[in-house]
Amino acid sequence: MIQPRALAVWLLAFLVTGCGGVSLLSIYDGRLPIESQRWIADSEDAVSVASAALQEAQASRRRALKLVQELRGQAKRISDAGGAQAASKMEFMAETRVAYVQLTIRQAEKELDLARAKQLLINATTAMRHDIAVYDLAPLTQSVDRQRQEATDLRRAVLKASLAAHRAAGKAWQVYAGWIRGGGDNKAFWLLEGERKVAPPQQSAKPAPST
Amino acid sequence: MHRLIAPTLALLLLAGSCATNQTKVGDPAYIERLRIRITKVRNAIQETRRAIALSNGADYLPELYVRLAELQSEEARYHYQVAYEREQRASAVLHAPQVRFLKEESIKIYNMVIDRYPASKLRPRVLFNIGHELRELGRYDDMLKTLERLTREHPDSALTPEALLVLGDYWYDKGELDKSEVFYNKIVKSGLRRVSGLALYKLGWVWVNRTSCKNALSSFEKAIKASTDYLARAQGPSLAVEDDTTRQLKGAGLVEKGGTSQNGDIDVRREALVDAMYCFAREKPWKTSIRYLRKKAYNRATYIAALERLAARYAVLNEARGSIVTTRELLHLAPTDPDRLDDARLLYGAIKRAKDWSQIGADVTLITDAMKRQVNRVETTTEMRDLTIKEFEQYTRDLVTRAQAALNKATSKKKKARLAVARSIANGYAAYLDAFPNSAAKIDVLLNLADVLSEVGDVMNAGLRYAEASDLIGDPKRREGSLYDSVVQFQKSLSILTERDRVERVVVRAALRRSGRLLLAYPLAPDKARNVKLAIAQTHYDEGDFNTAVQRLSAVAYEYPKTKEATAAIHLILDAYNVLNDYDALDAVGRRFMSAGSPADDTLKGEIKKIVAAANRRKLDEVSLSAAGDEGGDTTELDNFIKRYEGTSLGERALVNAFVAARAQGDAKRLFELGQELIQKYPKSEQAAGIIATLAKTAMATFDYDKALKLYAQAAKANPDQAVQLLVSAGEIHEQFASDDRALRSYQRAVRLAKQPQAKSKAAAKLAEMTERLGDDDRTIAILGPLKGLGNSEVLARLGMAYIHKGQAEEAEEALGGVLGETAEASEEAKARAQYGTAEALTIVLLSYTVEKNLDSIQEYLTLLEVTEQGYLNAARQGSPVYTPAALARLAYVSDRVSNVLKGLSAPPDVTGADAKAFDKGLARRVKGLQQTAKEALKACAAQAWTNKVFTAPVRACLRGRLPAADPATYDRMKRRSSVGKSPRIDALRGKLAKNAKALGTLKELGELYLNAGDHHMARLVFARAVQNGGGPEELNMLGIASFKAGDVTGGLDAFAQAADGGLEMGRKNLASALSKLGLASASKTVFQKWPKGKGAGRSL
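Keep in mind that this is a model prediction, so the values were computed, not measured.

**Q** I'd like a rundown of the overall build of chain B, residues and numbers included.
**A** Across its full length, chain B holds 51 helices and zero strands. Expressed as a percentage of the 1101 residues in chain B, the buried residues total 46%. By sequence separation, contacts in chain B at least 24 residues apart represent 57% of the contacts at least 6 residues apart.

Dropping the structure here:
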């Protein structure tokens, strides 16, 4: 026997959220006790934190890609200076770095998805607990579980990529060190093509008149 | 129509003429203006003459004459000026006949007034005017006579000082200083007059001419004061109050509008101060000059004028220090004009002579500022500008380089003073570079400046200057040196600048990278190259660009292995990852640096090992912390740690953290696995005891008592300090499952192991409770007897009761006395037991007492009865659920027994007659009373069931309505556990309880599963926890069923009664049913009277 009140709440929730989506509750909703308000607020915080982490990851990617660009330039100069093998290893180091950085972005995106999925689930359960709306919790729970699993997988993948990048870096530096020991040009890494010549002065110097 | 054309054309012509440019009308020429004035004054003379003609005999006639004479004198003056202008102002000595004529005419008129009006008030004015005209006519002797006559005949006239001044000036001009001094002094002595200041000023010059600078300076100072005082009295420069004196002066033309004097527009305050400088430079020390002038000068113009005079004077006297202070002041304050360049030159020369470099920075700035102001003037020609710049470039460079040379020589100078001078020199160089940006000496100056800045510790700017110089230097070797110096200074700077200097740090880092890269293009020595590369890499590290820093630092490390730069670079790389909290990277990189082919030397490798170990510990902590969060399901990383570091302290730590994470997640299975793994693999772990205790608590929480018992034993072994407590806990578990022997052994072991009196006492109390429950007095005495010495009231009370049961009255008395003694600290229950035991001892005596037929014996019997009754009543008052009903029941029994004895008694033979009758009557009353007591006591005992919901064995005995012939204070014996509940659902529910041990729904379901499986003991414990955690009547009812079936009859009945109290119908029914099963049919019926019909469903017993 369906209670008329519950039916009304369910219908209302259905109409408000449309197609069964979850309507987000306000942390100031007077119908909620303080504990539930906190619960909602915590889920919102988690979304904010994940969102900020994604932004930070994107910024890191920009910086990292710039560095990778530089690394490729250095590899080219080393290659031009006769260090083809060292350059090749450095190229590989750059590639692994790019792969790692891309994965960190994906991980951050996934963490945000997870935080959002959790937020929906928490809102839905809170609404139901306080007779505000009725939802089918199963798909929401499944969504959280799926996102969680994917996030876990990505975390592992990021760790793996990080270690791979470090291995590549180790190899690259070993080969580079060998090349330097063998008389390789130790300016190639440091100086751009235009900087390799001793720069002429901007103004010719005159001897100071004695006074 | 034609008639209109002509006027129109005429109008247009007129308009056209109006529209033509007008000739510009300028001011009339000065001579023309003089001529107009002459005409005007002639008109005035004519008018005055006409007035004189019409005023014959009038009082004011003398005034008209004087006015006529003055007008003629004025006309003469205009004629003189016209002639002067006509001669192109070539000479003041002119031949102008009309001037002489007019002046002589004036003198005649004045003389006529004196002769004709000897008493006129105008007489002093007339005499003064005559003197004036005579002087202008060059008739000085006559002038002297006239003015002396004035001073003689009219000493108080306002014109007398003026006359004296003229006389004094006359003699001064003649070189007759003594005579002039006389007249000036007369003025000074006549009090404060308009010309007092002037007279003093003139006196000052008299002294100057006598080369007496001291007196001259004094006179000038007095002149300033007198002039200031006079003006102050007159409330300003104009004489506001027109008194008689003013009128006289005005009349004589000595005071005009605004109060300026006829005696030239001399500003005595200014002139005296300016002229005083001549002597000041000789008489006063130069150090006091600025202070003196600031005090004496009444305005800025005066101050500047005096300064200029003094500076010039010091220059003449070759007083370099005086020149320095005055020219500095002039360059600061004086208006911009070409004179400032002279001041600057003077300052340059003076500084050079004095070798005073103390303010060289400020001085150079003053000089260059003066130069810049001058060369920027519109009227300055290009040629002049270039010359000036060239001149002053040399001056300033000369000064500041000399200053630096002097500083370099002066090794003995105190550090603070030396730094101050060096800073000043740096400022001087900066001012030079600002003023002469295109100087040919710029490179040298920049390098000099950088050196000085380095010396004063301003390494950032030193670096910037070296870098600036390097951009200009052509010689490669020199340029390399400058670049290297800049890098060194920048490095120093970065080590000094604090976090607050953010902007500076950014600038320095960028500048260092630029200089460093430029420098690396040169064929540097390896040590320099290493240093520069490390410095570049470090800038990235400093600004938090760790990824770039790691790249650069790695390059340094691998290019220059096993050098100190490589060591520093490796440290920075590790630190960068540490700051980033990237412990995986730290571990990977650390291992790489520890492997073969690493650029690190052996010492560094040792350090890296420690760093990596610390990082791994932190990584472990991080992993553990995240494992404890809401996303902590994934403990893969922790597991990796456990495997990777097995057998090490890190492995142990990982295991402990994994254990903690499992506990946080409530994963009981994993918790036990990890706990066991830890205990097996790290038996000496400091955490072992705590881990075991946690496992045991978890086992208890999940009702896994077998595991809990094993863990308690393990824990007691691992941690002897907690063994007593653990054994007591184990004993309690055994008791719950009616494993009496095991429980006893646990308690006895606990007593044996306990070293602390308190712990021993606690264990002994549990042991005593257990032995009492078993009801085996011999065993009780055997076990508790040796523990008497503890003085524990629980032990003594129970031991005493056992002695009572065994009829050992003396031992009982001793033991119970220990509980009831004044000093004893006993619980209410122990006191109740002891009171009861004492009463029981008395009962034995009472019931074995043979009453003889004499009054004494009867009396003694009755007294014994009263004491016994009192004993039971005292015990009953303690409120014990066991001993209160037991005491009441025994009171009933004793009362009944004694009443029967008394029934058989009659008055002793020695009591006869009425006494005997009364005695018998009294005995009968006593018997009746005792019978009544027996009934009431039994009733009160039974009532405990309904009023206090207590169904202990004594209560149940009372409910039967039988008087207990023996001690009814017995305990239920739990049944042996006959079945052990096991099922996957039970395991699942226990797993849930690992996460939340208080979940009511889970507890309820688990309890029912146990009950259905016939595991009443376990069900009893589960429902007991359910009731503790908020369970209601239904849970109480279930507890009652489980307890009753497990043999805890009292507990079962109590639970049913509470369920009935809670309104559960099944509770009421089950209570009645249970009582009925116990043979208490009457009590069973009473239940339905005592509790109204309840509601709700529930399980039936």
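**Q** I'd like to hear about the packing of helix H42 (residues 883–903) of chain B against helix H43 (residues 913–947) of chain B, residue by residue, with values.
**A** Residues and elements named next belong to chain B. Relative to each other, H42 and H43 sit at 160°, their axes nearing to 8 Å. Relative to H43, the element H42 lies roughly antiparallel. The element H42 and its partner H43 pack so that their crossing is left-handed. Of the residues in H43, those touching H42 at Thr884, Pro885, Leu888, Ala889, Leu891, Ala892, Ser895, Asp896, Val898, Ser899, Leu902 and Lys903 are Leu923, Arg926, Val927, Leu930, Gln931, Thr933, Ala934, Ala937, Leu938, Ala940, Cys941 and Gln944. A breakdown of the residues in the contact of H42 with H43 according to their chemical character gives 15 nonpolar, six polar and three charged.

**Q** Any details on unusual backbone geometry? Residues and values, ideally.
**A** All names here are of chain B. The backbone of Lys562 shows a phi angle near 60°, a positive value even though the residue is not glycine. Residue classification places Lys562 among the partly exposed residues on the basis of 14 C-beta atoms within 10 Å. Even without being glycine, Lys949 reaches a positive phi, approximately 55°. With respect to the helices and strands, Lys949 occurs in the loop between H43 and helix H44 (953–960).

**Q** Which residues make up the nonpolar core, and what values go with them?
**A** Counting residues in each nonpolar core, the largest one holds 194 residues, and the members touching the most others are Ala306, Leu347, Ile367, Ala569 and Ile573 of chain B. Element by element, the count of residues in this core is highest for helix H4 (residues 137–181) of chain A, at eleven residues. When residues no more than four places from it in sequence are discounted, the contact partners of Ala569 of chain B are Leu534, Ala537, Leu553, Val556 and Ala557 of chain B. With 151 residues, the next largest nonpolar core counts Ala876, Ala1024, Ala1059 and Ala1072 of chain B among its residues.

**Q** Before we move on, could you go through the environment of Lys1093 of chain B and cite the residues and values that matter?
**A** With respect to the helices and strands, the residue Lys1093 of chain B is situated in the segment after helix H51 (1081–1090). Between the C-alpha atoms of Lys1093 of chain B and Lys1069 of chain B, which are 24 residues apart in sequence, the distance is 9.3 Å.

**Q** Go over H43 of chain B with me, naming the residues and quoting the values.
**A** Each full turn of the α-helix corresponds to 3.6 residues, which orients residues three or four apart in the same direction. All names here are of chain B. Taking 1.5 Å of rise per residue, 35 residues should cover 51 Å, and H43 covers 50 Å from first to last C-alpha, within 8% of that figure. Bending of H43 peaks at approximately 25° at the position of Cys941. Regarding H43, the residues found buried are Leu930, Ala934, Ala937, Leu938, Cys941, Ala942, Gln944 and Ala945. Where H43 is buried, its residues contact H42, H44 and H51.

**Q** An account of the packing of helix H15 (residues 320–333) of chain B against helix H16 (residues 338–354) of chain B is requested, with residue identities and associated values reported.
**A** Residue and element names in this part refer to chain B. Where H15 contacts H16, the two axes come as close as 8 Å, and the packing angle between them is 145°. The chirality of how H15 crosses H16 is left-handed. Contacts between H15 and H16 involve Ala320, Arg321, Ser323, Ile324, Thr327, Arg328, Leu330 and Leu331 from the former and Arg340, Asp343, Ala344, Leu346, Leu347, Ala350, Ile351, Arg353 and Ala354 from the latter. Class assignment of the residues belonging to the contact of H15 with H16 gives a composition of ten nonpolar, two polar and five charged.

**Q** Before we move on, could you go through the environment of Tyr170 of chain B and cite the residues and values that matter?
**A** Inspection of the secondary structure puts Tyr170 of chain B in helix H7 (residues 159–174). Residues Tyr170 of chain B and Ser180 of chain B lie ten residues apart in sequence; the distance between their C-alpha atoms is 7.4 Å.

**Q** Residue-level account of the confidence of the model for chain A, with values.
**A** All names here are of chain A. Chain-level statistics for chain A give a pLDDT mean of 84 and a share of 82% at 70 or above. By mean pLDDT, the top-scoring element of chain A is helix H3 (residues 84–129) (94), and the lowest-scoring one is helix H1 (residues 4–17) (47). Segment residues 9–20 is flagged for pLDDT under 50; beyond a separation of four residues in sequence, or across chains, it makes twelve contacts in the model. The low-confidence segment residues 203–211 (pLDDT under 50) makes 16 contacts with residues lying over four places distant or belonging to another chain.

**Q** I'd like to hear about the confidence of the model for chain B, residue by residue, with values.
**A** All names here are of chain B. Per-residue confidence for chain B gives a mean pLDDT of 86, with 93% of residues at or over 70. Note on residues 1–23: pLDDT is under 50 here. Beyond four places in sequence and across chains, it has zero contacts. In this model residues 256–264 is a low-confidence stretch, pLDDT under 50, and it forms twelve contacts with partners more than four residues away in sequence or in other chains. Model confidence for the complex is summarised by a pTM of 0.58, with the ipTM given as 0.83.

**Q** Residue-level account of helix H30 (residues 649–665) of chain B, with values.
**A** All names here are of chain B. Here H30 contains 17 residues, and its C-alpha end-to-end distance of 24 Å stays within 8% of the 24 Å for a straight helix at 1.5 Å per residue. For H30, the buried fraction is high: twelve of the 17 residues fall into the buried class. If you check which residues of H30 are buried, you get Glu652, Arg653, Ala654, Leu655, Val656, Asn657, Ala658, Phe659, Val660, Ala661, Ala662 and Arg663. Note on H30: the residue one or two positions beyond its end, Gly666, has a positive phi of about 75°.

About the criteria used
- Residues numbered from 1 in each chain as written.
- Chains lettered and ligands numbered in written order.
- Predicted model: local features only at pLDDT ≥ 70, side-chain atom pairs only at ≥ 80, totals over all residues.
- Helix = DSSP H or I, 4+ residues; strand = E, 2+ residues; numbered from the N terminus.
- Buried ≥ 20, exposed ≤ 12 C-beta atoms within 10 Å, placed from the backbone.
- Contact = placed C-beta atoms within 7 Å.
- Axes fitted to C-alpha atoms, helices over the stretch in contact; angles between N-to-C directions.
- Parallel < 35°, antiparallel > 145°, perpendicular 65-115°, else oblique.
- Left-handed = near helix turned anticlockwise from the far one by under 90°.
- Nonpolar A, V, L, I, M, F, W, Y, C, P; charged D, E, K, R; others polar.
- Core = buried A, V, L, I, M, F, W, Y, C linked by C-beta atoms within 7 Å.
- Expected span 1.5 Å × (residues − 1).
- Bend = angle between axes of the 7 residues up to and from the residue.
- pLDDT = per-residue confidence, 0-100.

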